[in-house]
Amino acid sequence: MTSAVLSNPATRIAGSTPRPAAIARWLLVIAGLVFAMVVVGGITRLTESGLSITEWKPISGTLPPLSHGDWLAEFARYQATPQYRQVSGPAGMSLGDFQFIYFWEWVHRLIGRLIGVAFALPLLWFAVRRAIPAGYGWRLAALFALGGFQGALGWYMVQSGLVNRTEVSHFRLSAHLLSALLIFAGCIWTALDLRSLAATGQNRPARLNGFSLATLAALAVQILLGAWVAGLRAGQVANTWPLMNDRLVPEGIDWSNGVLFALTHDPYLIHFVHRWWAWGVVVVLVVFARRVKRAGGRRASIAIHATFGTQILLGIATVMSGVGIALAASHQAVGALLLAATVWGAHIVGRNAKKSAG
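Owing to the predicted nature of the structure, the values given are computational and were not obtained by experimental measurement. (Residues numbered from 1 in each chain as written. Predicted model: local features only at pLDDT ≥ 70, side-chain atom pairs only at ≥ 80, totals over all residues. Heavy atoms only, no water.)

Enquirer: Could you clarify how one ought to interpret the overall build of the protein in this entry?
Expert: Regarding its fold elements, the protein presents 12 helices and zero strands. Reading the protein from its N terminus to its C terminus gives the helix and strand order α-α-α-α-α-α-α-α-α-α-α-α. Taking 21 Å as the expected radius of gyration for a compact globule of 358 residues, we find that the protein reaches 22 Å, a close match to that expectation. Buried residues in the protein amount to 48% of all 358 residues. Excluding contacts between residues fewer than 6 apart, the proportion of contacts in the protein whose partners are at least 24 apart in sequence is 78%. Of the roughly 17,000 Å² of accessible surface on the protein, 66% is carried by carbon and sulfur atoms. Between the averaged position of the 29 positive side-chain charges in the protein and that of its 12 negative side-chain charges there is a distance of 24 Å. (Helix = DSSP H or I, 4+ residues; strand = E, 2+ residues; numbered from the N terminus. Rg over C-alpha atoms; globule rule 2.2 N^0.38 Å. Buried < 20%, exposed > 50% of the residue type's maximum accessible area, 1.4 Å probe, protein only. Contact = heavy atoms within 4.5 Å. Areas by Shrake-Rupley, 256 points an atom, 1.4 Å probe, with all protein chains shown as cover. Lys, Arg positive; Asp, Glu negative; His and termini not counted. Charge placed at Lys NZ, Arg CZ, Asp CG, Glu CD.)

This is the structure:
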């Protein structure tokens, strides 16, 4: 299936009609599923569940162990990992404890499979019906391909924790999260373009202008830092705010391997940068939200302010709670909602610029 086949008006069957509104609704459902996957992925990380399933079985792995013997076999495979030998085993993990962490990783993978089916089957149906408007076939094909890459990247991430490590690589973890959020944002942006097409009858996709791109880039850096904080358990090095263990710049930063290595590996420094880069992002978001409001996006502007305000409060509460699971998972969830609000605002600004240019 090529984007030309998906979008070329000359290939449409007799009586077929583009259905931008229906495709937009479908993409928003997919975005909702990706959001659920991001939230469950956060819980999976917080509960140390990500390495509980040591094999990738796309079909047979859909079902969890169904008998006591199956559970013992899965537990035995997990017991061979460095995480169990060095952390979980010495802590006295029981079969019941293993079943708890297995549940979260299984649900996380199940949602991923569900997203694949929920994307592939409607995409095929819309393509066969020639219901995809001109110019959108390549976007939908790219989102589908990115979803496949996301699944492969998830397994690549898990593999990093099965040999010689007791946790997954924080670099692979951040790549896995950012690629999921790229799919999330892409679905939202494309759905908004299609809703505009359905409402106006004019196929004029919004443009991503310079300041909107800079705002999204600043937010992406903050999300990247947050993933590193999670992957390195850096949130646990200090449970006070605004100071870190009674100091503005925390003690304990290891500079011995150079600044770049510290910026990408040291939990104290990454936690510190994540805290204070957030305030720079807030300044950018405030300016951006004003531009969104001037472009006619009052509701989007309110959504941006509400989500970044909530996100800040949740971040502080997460630190002061010693990284409580409920607060930390909510922090990640609202971060995804902040991205959605920012994408919404960027689309409004881009659509307004398109009209002005036209």
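From this point on, the discussion continues.
Enquirer: Can you help me understand the pattern of salt bridges in this one?
Expert: Opposite charge on two side chains makes pairing possible when the charged atoms of those side chains draw close. For the structure on display, the rule yields 10 salt bridges. Note that Glu55 and Lys57 form a salt bridge whose closest N and O atoms lie 3.2 Å from each other. Arg77 serves as the salt-bridge partner of Glu74, at 3.1 Å between the closest nitrogen and oxygen. On the criterion of helical spacing, the pair formed by Glu74 and Arg77 is a turn pair, its members being three residues apart in helix α3 (residues 68-79). A relative accessible area of 12% means that Glu74 is categorised as buried. Several salt bridges converge on common partners, so that one network encompasses Arg45, Glu48, Arg165, Glu167 and Arg233. (Salt bridge = Lys/Arg side-chain N within 4 Å of Asp/Glu carboxyl O.)

Enquirer: Got a minute to help me understand the confidence of the model for the protein in this structure?
Expert: The predicted coordinates of low-pLDDT regions are not to be read in fine detail. In the predicted model, the protein carries a mean pLDDT of 92, and 94% of its residues have values of at least 70. Ignoring residues within four places in sequence, the model shows residues 1-15, a span with pLDDT below 50, making 28 contacts including any to other chains. (pLDDT = per-residue confidence, 0-100.)

Enquirer: Is there a simple way to think about a positive patch on the surface in this case?
Expert: Judged by side-chain charge, Arg290, Arg291, Lys293, Arg294 and Arg298 come together as a positively charged surface patch. If you tally residues by element for the positive patch, the top one is helix α10 (residues 267-294), at four residues. Secondary-structure assignment places Arg290 in helix α10. (Patch = residues over 30% accessible without salt bridge, like charges linked within 9 Å, V, L, I, M, F, W, Y side chains within 5 Å.)

Enquirer: Would you take a moment to explain helix α11 (residues 298-320) for this structure?
Expert: Owing to its 3.6 residues per turn, the α-helix aligns residues three or four sequence positions apart on the same side. Here α11 is 23 residues long and its end C-alpha atoms lie 33 Å apart, about the 33 Å a rise of 1.5 Å per residue gives. Taken together, the buried positions of α11 are occupied by Ala300, Ser301, Ala303, Ile304, Thr307, Phe308, Gln311, Leu314, Gly315, Ile316, Thr318 and Val319. (Expected span 1.5 Å × (residues − 1).)

Enquirer: When you look at the nonpolar core in this model, what are you seeing that I'm missing?
Expert: A general trend in soluble globular proteins is that nonpolar side chains are found buried together. If you look at the biggest cluster of nonpolar residues, it comprises 75 residues, and the most contacted ones within it are Trp26, Leu27, Phe98 and Phe184. With 13 residues, the single largest contributor to this core is helix α7 (residues 170-200). Apart from residues no more than four positions distant in its own chain, Phe184 is found in contact with Ala31, Val34, Phe35, Ala336, Leu339 and Ala340. (Core = buried A, V, L, I, M, F, W, Y, C linked by side-chain atoms within 4.5 Å.)

Enquirer: What is the right way to read the side chain of Asp266 from this model?
Expert: Tracing the backbone shows Asp266 in the loop between α9 (259-265) and α10. Despite its burial, Asp266 pairs with no opposite charge; the closest candidate is Arg247, at 12 Å N-O. At 3.0 Å, the side chain of Asp266 forms a polar contact with the backbone nitrogen of Asp254. Within the local environment of Asp266, its side chain forms a polar contact with the backbone nitrogen of Leu269, the two atoms lying 2.9 Å apart. Every residue in contact with Asp266, bar those within four places of it in the chain, is listed here: Gly252, Ile253, Asp254 and Phe261. (Polar contact = N/O pair within 3.5 Å; in protein donor to acceptor, adjacent residues only side chain to side chain.)

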